[in-house]
Amino acid sequence: MSRRAVIVGTGAALPPRRITNAELAERVDTSHEWIVERTGIEARHIAGDGETTATLATEAARKALDAAGIPASTIGLIVLATATPDQTFPASATRVQTALGINDCIAFDVQAVCTGFLYALSIADNMIKGGMADRALVIGSETFSRILDWEDRATCVLFGDGAGAIVLEARETEDEGILATRLHADGRHNDLLYVDGGVSTTGTVGKLRMRGKEVFRHAVVNLAAVLNEVLEAAGHRPEEVDWVVPHQANKRILDATAKKLGLDPSRVVVTVDQHANTSAASVPLALDVAVRDGRIGKGNLVVLEAMGGGFTWGAAVVRF
Ligand code: UT7
């Protein structure tokens, strides 16, 4: 028996405004057919006035707490993964904390772009194992619509807004909860996916820029490598995995990664068709969908993985 962080609740939030490919085709030179064929995306949700990274995160966190049956007041740690915070500071995690009525807990943001949730999960897992907290909220929340260049058809069709959250609880257990996490970064690839603004450079927020083909190539290689690495660390083989919950960037990346590992594609949770790429929110959003529709349940061995700007990439093995 050892002290582990166990996922006891999940939640998600999507802005009500849903934009289809056909609607985008009225704004830029694209088509529903091109977007579906190259990415698998059919629609995305976009935040409206008053909807922010923190408000979406709060809604997802509330649902995760409800699902766990845990009062917010017992949360000792909030880690919020985002590249699109409400303000440069304070951390959006502290806004979520206040909205949930928690007056004293550890609360901070983590920025690893699309891998942010995996980074946040790994940090929270280690803080729980180290005794810093008994219950934690780990949240991925983004409003990428605010940093998209809506004139650039190569990027604006790919992203959406949303949030996902989980509640972690410390338990003495044999084979339950987060079994292993692995994280990586390689800053040599900063210029393949970045935002062309920033506080200490241009003093502007900037817009997202991406060389999609190069990112795609690195994604498949890095994700397959980190999946093998994390499964080995957890002492499991790919064929033992019940569900893979990947970062949702492109259906073709999900298929190629599953093929490289010899994983059954029907065991891969896919939400990119309805959510598009929601960066740090995509893994917890997809996890919540698969938990709520009953696919992921007690005893399942689940692998989470993501890759994004930096590059950063990472994976986790979780027993439900
Ligand atoms: O979350 C972080 C990780 N991010 C990713 O994983 C994204 C990885 N990359 C991708 O998903 C893909 O590379 C994209 C979906 C971004 C692009 O797909 P692709 O098959 O690599 O297309 P491409 O960039 O090579 O573009 C092919 C053609 C180009 O035209 P030409 O030069 O062949 O005439 C583009 O200009 O498609 C054109 N194109 C479009 N056409 C219609 C690019 N965007 C669009 C568009 N609609 N929206």
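Let us look at the structure shown here. (Residues numbered from 1 in each chain as written. Predicted model: local features only at pLDDT ≥ 70, side-chain atom pairs only at ≥ 80, totals over all residues. Heavy atoms only, no water.)

1. Thoughts on the side chain of Arg-4
For step 1, the next point in the chain: The residue Arg-4 is located in strand S1 (residues 2-13) in this model.
For step 2, the next point in the chain: With no salt bridge to any partner, buried Arg-4 finds its closest opposite charge in Asp-175, at an N-O distance of 6.0 Å.
For step 3, the next point in the chain: Setting aside its immediate chain neighbours within four residues, Arg-4 contacts Glu-169, Ala-170, Arg-171, Thr-173, Glu-174, Glu-176, Ile-178 and Leu-179. (Helix = DSSP H or I, 4+ residues; strand = E, 2+ residues; numbered from the N terminus. Buried < 20%, exposed > 50% of the residue type's maximum accessible area, 1.4 Å probe, protein only. Lys, Arg positive; Asp, Glu negative; His and termini not counted. Salt bridge = Lys/Arg side-chain N within 4 Å of Asp/Glu carboxyl O. Contact = heavy atoms within 4.5 Å.)

2. Quick word on the layout of surface pockets
For step 1, the next point in the chain: In this structure, the largest pocket spans a volume of roughly 820 Å³.
For step 2, the next point in the chain: As for the largest pocket, its lining consists of 36 residues, and the residues nearest its centre are Ala-83, Thr-84, Pro-85, Ile-147 and Val-205.
For step 3, the next point in the chain: Secondary structure elements with two or more residues in the lining of the largest pocket: strand S5 (106-110) and strand S9 (193-195).
For step 4, the next point in the chain: For the lining of the largest pocket, the element with the highest residue contribution is S9, accounting for three residues.
For step 5, the next point in the chain: For the lining of the largest pocket, the residue count by class is 16 nonpolar, 16 polar and four charged.
For step 6, the next point in the chain: Taken together, 31 residues make up the lining of the second largest pocket; nearest its centre are Leu-158, Met-210, Gly-212, Lys-213 and Asn-250.
For step 7, the next point in the chain: The set of elements that each furnish at least two residues to the lining of the second largest pocket consists of helix H2 (32-39), helix H6 (153-156), helix H7 (212-234), helix H8 (251-261) and strand S12 (301-308).
For step 8, the next point in the chain: Sort the elements by how many residues they give to the lining of the second largest pocket and H7 lands first, with six residues.
For step 9, the next point in the chain: Split by residue class, the lining of the second largest pocket holds 15 nonpolar, nine polar and seven charged.
For step 10, the next point in the chain: Both domains that furnish three or more residues to the lining of the second largest pocket are identified here as domain 1 (2-173) and domain 2 (177-319). (1 Å grid on protein atoms, 1.4 Å probe; cavity = no way out; pocket = protein on both sides within 12 Å on 5 of 7 lines; lining within 4 Å. Points joined across faces, edges and corners; volume = space filled by probe spheres on them. Nonpolar A, V, L, I, M, F, W, Y, C, P; charged D, E, K, R; others polar. Domains from an automatic or database assignment.)

3. Describing the sheet that holds strand S8 (residues 177-185)
The strands making up a sheet associate through backbone hydrogen bonding, with each pair oriented either parallel or antiparallel.
For step 1, the next point in the chain: One open sheet accounts for four strands, arranged S8-S13-S12-S11; its pairing is mixed. In the strand order of this sheet, the two ends are held by S8 and strand S11 (243-246), each with one partner. Each strand axis lies, on average, 15° off the axis of its neighbour in the sheet, ignoring direction.
For step 2, the next point in the chain: Here S12 runs beside strand S13 (residues 312-319); their pairing, made up of eight bridges, is antiparallel. Bridge pairing in S13 places Gly-308 opposite Thr-312.
For step 3, the next point in the chain: Packed onto the sheet, helix H5 (residues 116-129) meets S8, S12 and S13 and runs at close to 125° relative to S8.
For step 4, the next point in the chain: Against the sheet, helix H10 (residues 282-292) contacts S11 and S12, and its axis sits at roughly 145° relative to S11. (Pairing = 2+ DSSP bridges. Axes fitted to C-alpha atoms, helices over the stretch in contact; angles between N-to-C directions.)

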